[in-house]
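# Structural overview for review
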Amino acid sequence: MKKTTVINSELSTVIAGMGHMDWLSIGDAGMPVPMGTQKIDLALTKQLPSFQDVLKNVLSELAVQKIYLAEEIKTQNPEQLAAIQALLPDVEVAFVPHSQLKQDLAKTHAFVRTGEMTPFSNIILESGVIF
């Protein structure tokens, strides 16, 4: 059995296959996923698992050099924004319109669906390197 923190087999496989500058997305329960994008559905019920729990889990194994967030998170969910920035204090942040973030999901290796039920709780993680 795997000893590290990401034990979901689909998610672990995606993370292991990521290279420099590849994208992985994590989002709330309502985010539409483009056809052709792998969807790893972890949602069990409202708020389980939370966006923050899944993000922390993924960050335990994925080097991240840049993140993409919806511009709307600044006014519509500042608490989530603060929590994201606390987890990734030294990572570059690009804010894009939510409509663009939804389109950009088609460029990700996978979308991880959480049970999160707060607005604009969606992120694209751009992988970095560990050397």
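Summary of the structure given here. (Residues numbered from 1 in each chain as written. Predicted model: local features only at pLDDT ≥ 70, side-chain atom pairs only at ≥ 80, totals over all residues. Heavy atoms only, no water.)

Time to look at the packing of helix α2 (residues 51-59) against helix α4 (residues 78-87). It is the contact of α2 with α4, at a shortest axis distance of 11 Å, that shows an interaxial angle of 15°. In terms of axis orientation, α2 runs roughly parallel to α4. For α2 against α4, the interelement crossing comes out right-handed. Along its contact with α2, which presents Phe51, Gln52, Leu55, Lys56 and Leu59, the element α4 presents Gln80, Ala83, Ile84 and Leu87. Considered class by class, the residues forming the contact of α2 with α4 number 6 nonpolar, 2 polar and 1 charged. (Axes fitted to C-alpha atoms, helices over the stretch in contact; angles between N-to-C directions. Helix = DSSP H or I, 4+ residues; strand = E, 2+ residues; numbered from the N terminus. Parallel < 35°, antiparallel > 145°, perpendicular 65-115°, else oblique. Left-handed = near helix turned anticlockwise from the far one by under 90°. Contact = heavy atoms within 4.5 Å. Nonpolar A, V, L, I, M, F, W, Y, C, P; charged D, E, K, R; others polar.)

Take the pairing of strand β6 (residues 123-127) next. The side chains of a regular strand alternate between the sheet's two faces. Most of β6 sits out of view: 5 of its 5 residues are buried. Burial of β6 is two-sided: the residues Ile123, Leu125 and Ser127 facing one way and the residues Ile124 and Glu126 facing the other way are all buried. In the sheet, strand β3 (residues 64-70) pairs with β6 via 4 bridges, with the strands oriented antiparallel. What sits directly across from lysine 66, in β6, is glutamate 126. (Buried < 20%, exposed > 50% of the residue type's maximum accessible area, 1.4 Å probe, protein only. Pairing = 2+ DSSP bridges.)

With that settled, the discussion passes to the environment of isoleucine 130. Here isoleucine 130 lies in the segment after β6. Sequence spacing of isoleucine 130 and threonine 4 is 126 residues, and the spatial spacing of their C-alpha atoms is 17 Å.

Don't take any of this as a statement about function, it's just geometry.
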